[in-house]
Amino acid sequence: MTHVETELHGMIRESVGEIAAEFDRSYWREHIENRTFPESYWNELADQGWLGVAIPETFGGEGLGMLEMTMVIEELSRGGGQGGIVFVLTPVFGGISVLRHGSTAQKEQILPGIADGSLRFCMGLTEPRAGTNTLAIDTTATRDGETFVIDGQKTFISGVENADKMLLVARTSSFDRSNPTHGVTMFLIDEPAERDAISLTELDTTVPWFERQYQVDIDGLVVPEESVLGTEDGGMYLLFDTLNTERIGGAASALGGGLRAIDLAVDYACDREVFGKPIGAHQAIQHPLAEYYAKLMAAREITYTAAAKWDADQNCGMEANAAKYLASEYATEAASQAIQTHGGNGFTPEYEVYDIWQNVRLTQTAPISNEMVKNFIAEHHLGLPRSY
Amino acid sequence: MKILVTVKEVAEAEDDFDIDGLDIDERYLEFDLNEWDEYAIEEAVQIKEDGDDVEVVSVTIGPERAEETIRMGLAKGVDRAIRVWDDAFADVGMLDPKTKADVLSAVVEDEQPDLVLTGVQAGDDSFGATGVTLAETIDFEWGAVVNALDLDAGAGVASVHRELEGGIEELTDIELPAVLTIQTGINEPRYASLRGIRQAQSKPLDLHELDDLGLEESDLESPLSRTAMYEPESEGDATVFEGSAEETATELASLLRDVGVVEG
Ligand SMILES: Cc1cc2nc3c(=O)[nH]c(=O)nc-3n(C[C@H](O)[C@H](O)[C@H](O)COP(=O)(O)OP(=O)(O)OC[C@H]3O[C@@H](n4cnc5c(N)ncnc54)[C@H](O)[C@@H]3O)c2cc1C
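Only a predicted model underlies this, so the values are computations on that prediction, with no experimental measurement involved. (Residues numbered from 1 in each chain as written. Chains lettered and ligands numbered in written order. Predicted model: local features only at pLDDT ≥ 70, side-chain atom pairs only at ≥ 80, totals over all residues.)

### Details of the overall build of chain A
Counted only if it meets this: Helix and strand assignments follow DSSP, with helices taken as H or I runs no shorter than four residues and strands as E runs no shorter than two, numbered in order from the N terminus. As a reference, a globule follows 2.2 Å times the number of residues to the power 0.38, and the radius of gyration itself is taken over C-alpha atoms. Here a residue counts as buried when 20 or more other C-beta atoms fall within 10 Å of its C-beta, as exposed when 12 or fewer do, and as partly exposed in between; the C-beta atoms come from the backbone.
Secondary structure assignment for chain A yields 11 helices and 10 strands. Relative to its length of 388 residues, chain A is compact, with a C-alpha radius of gyration of 21 Å against a globular reference of 21 Å. With respect to the principal axes defined by its C-alpha atoms, chain A has extents near 80 × 45 × 40 Å. Within the span of chain A, comprising 388 residues, buried residues form 50% of the whole.

Okay, structure coming up:
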C-alpha cells in the first residue's frame, strides 16, 4: 500500500500549517506557564472542521479517515506547540473509541461534541501497581442493579481538569488465567473533575505541557450502566482494537515534532555564523540533520501505510507499532541534534528545541513504551515466543 | 450578480538564491497565491455571503502548477475557476499588463461579470497596472487601491474608499459594471476549512486555451521583454536584533560602541 499524496492532502497540510503558524511560541509559552487550556487554538481547529476530520458527516464531522487525521496531527506538531499531542487525546482516543464501539446513543451524544470542540477527553488507564500490564489493574467496577460502583486509583492521568469525559478502564470480573483478556470494561465518565467520588492530586512531571498530570483516586463512584463503552467485560478487545490508532496518532505527533526540530535547526544553521561562515556549511552540522530527516521520512511512509491500512479495514498492527517506534526514536534523535546545532541557545527558553526534545522523548514511553511495541512486533509479527 | 476575481500564483524567493538566465533559479522559489488576491477573493466571497444569488468566478493565467493554489480559492468560497493557458504562453515569457488585459478581456466577454476584482498588484512583477488596464480595455468604470467597499447591488453602485498617498482617503461611488483593484487589509482573509477543501475537489476548474477565447498566438506579442536579471550590490548591512527590549537595547549599545558611534 504505497502512499500517494493527493491535491486534497496538500491543501490539508497547507491550511493546518497556516493555523498552527498563527499560534506562535509566545502563545504556547503563556499557556504552558499558566497551565491553561489553549481555547482559541482549539476553537479555531473546531471551527475549521479539523477536530472532526475522521468523524462521519452524520455525526457532524468531515468523514475522512485516519490517513487525513495523521496528516493533521503531523502538521499541527510541525507547526509548533502542543496541538499534535492534545489531538491524540480527544479525536483519537475519544473519537475513535466511541465511533468504533459506542452505542448509537453514545455516538449521537458524543461525536458531534468532539467535532465542534465542545467535548474534551482524558484517558484513565495507567495505575501505580499495574503499570504497563493493563491486565493487572486494581480499579474495580462492581455491578449494582443498573449501576456500577467504581473504586481504585489511576496515575499520570493528563488533562483531567479540562476534560468533559474520562475514558476509564476498570475490572468488572476477576482475572481468569484461562481467559486472560476477559473481565475488563471501559467506562465513559462525565465531568471527572467535578465528581465528589473522584479526588485529584496533581503530580509533578517535567514535560512542558499546558496540561497537568494527576493521581486520580476513585472512591465509590456510581455510574449508570449506559456509561459502559462496548461490552461489559469486553474492554480489552476494545482497547486492542483502538490501540493501533493511538500508535498512529502518537507516531504522527512525534514525526511532526522531529520535523519541526529539523526545520528550526536548518534555519539556525543557515543564520548563525562563527569562523566566518554559517555553521550549516560544516558537514558535521549538515550530515546528522540530513540523516535524521531521511529517517523521519522513512518513518512517515510506514505511518501513512498504517493509517491507510486502518482506513481500508486491514490489519495494521505491524505498521502501526513500527511507525510509533521509529517515529519516536528518530524524532528524539532529530531533536537532540537540533539542540546540538543551537549551541548554548539550545538550552534557553527562547529557542524551542529543548521543549521539542522533551515532548518527543516522552513518545518513547507514553502512551505506550517502545519495549511493549517491540514485544508486539516480536510476538505477533515475527512469531517469537511471548516474553512476559 | 456575478463577480470575476483575477488571481495569480506568484513566486517568492528564499533569502539566498541563484539567478539562472533571466530568472531566479526555480529551486529557490516557492509558489503561492499573490497576497493582494487573497483579499480580493475574500471580498468577493463576503459579498456572496451577504447577498443572494451571487456567483464568484476566479480567473488566472497560469500553468498547471497553479491549480492547487487556484483550488484553495475554491475552498475559500469561490464557486468556479477558470485557468487560461496554452503552450504559447510558455514561449512568450513575460506578459505586459496590456497583453494580460487583452487575454482577461476575452474572459470578461464570455462571463459578463457585473464586478471584476483584482489585486492592486502582483508581488512578483509589481506592475500594479493590470486591473486598470483591463477596465480600460473592456470599458468598465474602475477604482484603484480600494481599501473599503460597500456594494449596493440593487442600485448598481459600489461605494469605495481609495487609499491615496500621505494617508489621504478618497470616497467615491462607482457605477457597475466596474473593476476594483483591492488593497491588502480591506478584510481579514479566512483560512480554508476542511469542508471547504472537500467541496473544492468537485467544483469546476476549467482550462481555456487561446482558441477557446477566440485569441491567437499573435495576441500574446508583448512590447516588453526582460533583458537582464541581477542582484543589486548592497550598499550597507542591516542588522536586525531580536528579543526583548532589554536584550535588543544591550545589543544595540554594544554595536554602537563597536562601530565607534559612542565611546566607552
Ligand atoms: C507526561 C505523562 C502523561 C501521561 N498521561 C497519561 C494519561 O493521560 N493516561 C494514562 O492512562 N496514562 C498516562 N501516562 C502514563 C504512561 O502511559 C505510562 O507511564 C507508560 O505507559 C508506562 O507505564 P509505567 O510508567 O507504569 O511504566 P512500567 O510499566 O513500570 O514500565 C517501566 C519500564 O519497564 C518496561 N517494561 C515493563 N514491562 C516490560 C516487558 N514485559 N518487557 C519489556 N519491558 C518492559 C517498560 O517498557 C518501561 O520502560 C502519562 C505519563 C506521562 C509521563
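### A few points about the overall build of chain B
Operational definition: Any two residues are considered in contact once their C-beta atoms, placed from the backbone, lie within 7 Å.
Across its full length, chain B carries 7 helices and 13 strands. Once the C-alpha set of chain B is aligned to its principal axes, its extents read approximately 70 × 40 × 40 Å. Among the 264 residues that make up chain B, the fraction classed as buried is 35%. Expressed as a percentage of contacts within chain B between residues at least 6 apart in sequence, the contacts between residues at least 24 apart total 69%.

### Looking at helix α4 (residues 66–78) of chain A
Residues and elements named next belong to chain A. The cut-off we apply is this: Here a helix's expected span is defined as the number of its residues, less one, multiplied by 1.5 Å.
Across its 13 residues, α4 extends 18 Å between first and last C-alpha, which sits within 8% of the 18 Å expected from 1.5 Å per residue. Taken across its 13 residues, α4 has 13 buried, putting it largely inside the fold. Backbone geometry just downstream of α4 places Gly80 in the positive-phi region, at approximately 100 degrees.

### As for the packing of helix α7 (residues 235–271) of chain A against helix α9 (residues 317–341) of chain A
All names here are of chain A. Basically, it comes down to this: The axes are straight lines fitted to the C-alpha atoms, using for helices just the contacting stretch, and the angles between their N-to-C directions are given from 0 to 180°. With respect to orientation, any angle under 35 degrees is reported as roughly parallel, any angle over 145 as roughly antiparallel, any angle of 65 to 115 as roughly perpendicular, and every other angle as oblique. Left-handed is the label given to a crossing in which the near helix is rotated counterclockwise from the far helix by less than a right angle, and right-handed is the label when the rotation is clockwise. By the convention adopted, Pro, Cys, Tyr, Trp, Phe, Met, Ile, Leu, Val and Ala count as nonpolar, Lys, Arg, Asp and Glu as charged, and the other residues, Gly among them, as polar.
Where α7 meets α9, the closest approach of the two axes is 8 Å, and the angle between their N-to-C directions is 25 degrees. It follows from the interaxial angle that α7 and α9 lie roughly parallel. Considering the relative orientation of α7 and α9, their crossing is left-handed. When its residues are assigned to classes, the contact of α7 with α9 shows 18 nonpolar, 9 polar and 2 charged.

### Let's talk about the environment of Glu242 of chain B
All names here are of chain B. Its place among the elements puts Glu242 in the loop between β13 (205–208) and α7 (245–258). The class of Glu242 is exposed, set by 8 C-beta atoms lying within 10 Å. Taking the C-alpha atoms as reference points, Glu242 and Val5, 237 residues apart in sequence, are found 39 Å from one another.

### Regarding the interface of chain B and chain A
In this complex, chain B contributes 13 residues to the contact, which on the side of chain A involves 15 residues. Of all the secondary structure elements, the ones that give two or more residues to the side of chain B that touches chain A are α2 (67–75) and α6 (194–200) of chain B. When its residues are assigned to classes, the side of chain B that touches chain A shows 6 nonpolar, 3 polar and 4 charged.

### Observations regarding the site of the ligand
Residues and elements named next belong to chain A. Selection criterion: The rule is simple: place the C-beta atom from the backbone, and if it lies within 6 Å of a molecule or strand, the residue is near it. Note: domain ranges come from an automatic or database domain assignment.
Around the ligand, the surrounding shell holds 23 residues, and the nearest of these are Gly131, Thr132, Ser369, Glu371 and Tyr388. Classifying every residue of the shell around the ligand gives 12 nonpolar, 10 polar and 1 charged. Built from parts of two domains, the shell around the ligand gets at least three residues from each of domain 2 (123–233) and domain 3 (236–381).

### Details of the sheet that holds strand β9 (residues 141–152) of chain B
Residues and elements named next belong to chain B. Quick note on the threshold: The pairing criterion for strands is at least two bridges between them, as found by DSSP.
The strand order β11-β10-β9-β12-β8-β1-β6-β7-β13 describes an open sheet built from 9 strands, whose pairing is mixed. At either end of the open sheet lies a strand with only one pairing partner, and these are β11 (169–175) and β13. On average, each strand axis in the sheet is inclined to that of its neighbour by 35 degrees, with strand direction left out of account. The pairing of strand β10 (residues 157–163) with β11 spans 7 bridges and is classified as antiparallel. Across the sheet, residue His161 finds its bridge partner in β11, namely Leu171. Across the sheet, helix α5 (residues 130–138) lies against β8 (115–119), β9 and β12 (178–182), angled at about 175 degrees from β12, the strand it touches most.

### Details of helix α4 (residues 97–111) of chain B
Residues and elements named next belong to chain B. Taking 1.5 Å per residue as the helical rise, α4 with its 15 residues ought to reach 21 Å, and the 20 Å between its terminal C-alpha atoms agrees with that figure. Of the residues making up α4, those classed as buried are Thr99, Lys100, Ala101, Val103, Leu104, Ser105, Val107 and Val108. Those residues of α4 that are buried are in contact with β1 (2–6), β6 (55–61), β7 (80–84), β8 and α5. Taken from the residues just after α4, Gln112 is the one with a positive phi, measuring 50 degrees.

### Some remarks on the packing of α9 of chain A against helix α10 (residues 353–362) of chain A
Residue and element names in this part refer to chain A. At a closest axis distance of 9 Å, the pairing of α9 and α10 adopts a crossing angle of 160 degrees. Classified by the angle their axes make, α9 and α10 are roughly antiparallel. Both α9 and α10 take part in a crossing whose hand is left-handed. Contact residues: Ser328, Ala331, Thr332, Ala335, Ser336, Ala338 and Ile339 in α9; Val353, Tyr354, Ile356, Trp357, Val360 and Arg361 in α10. Looking at side-chain class alone, the contact of α9 with α10 contains 9 nonpolar, 3 polar and 1 charged residues.

### Details of the environment of Asp241 of chain A
Residues and elements named next belong to chain A. When you line up the elements, Asp241 lands in helix α7. Judged by the 14 C-beta atoms lying within 10 Å of it, Asp241 is partly exposed. Taking the C-alpha atoms as reference points, Asp241 and Asp151, separated by 90 residues in sequence, lie 26 Å from one another.

### A look at the nonpolar core
The condition that has to hold: Here, a nonpolar core denotes buried Ala, Val, Leu, Ile, Met, Phe, Trp, Tyr and Cys residues that are linked to one another through C-beta atoms within 7 Å.
In this structure, Val72, Phe187 and Ala323 of chain A together with Val5 of chain B are the most contacted members of the largest nonpolar core, which totals 172 residues. For Phe187 of chain A, the contacting residues outside a window of four places in its chain are Ala141, Leu168, Ala170, Val223, Ser227, Val228 and Leu229 of chain A.

### Brief notes about unusual backbone geometry
Cis peptide bonds are those with omega within 30 degrees of zero, and the linkage from Ala366 of chain A to Pro367 of chain A qualifies with -5 degrees. Assignment of secondary structure puts Pro367 of chain A in the loop between α10 and α11 (370–381). Here the residue pair Leu176 of chain B and Pro177 of chain B is connected by a cis peptide bond, since its omega of -5 degrees sits within 30 degrees of zero. Turning to its location among the elements, Pro177 of chain B is positioned in the loop between β11 and β12. With a phi close to 65 degrees, Phe156 of chain A is a non-glycine residue in the positive phi region.

Distances and angles like these do not, on their own, reveal function.
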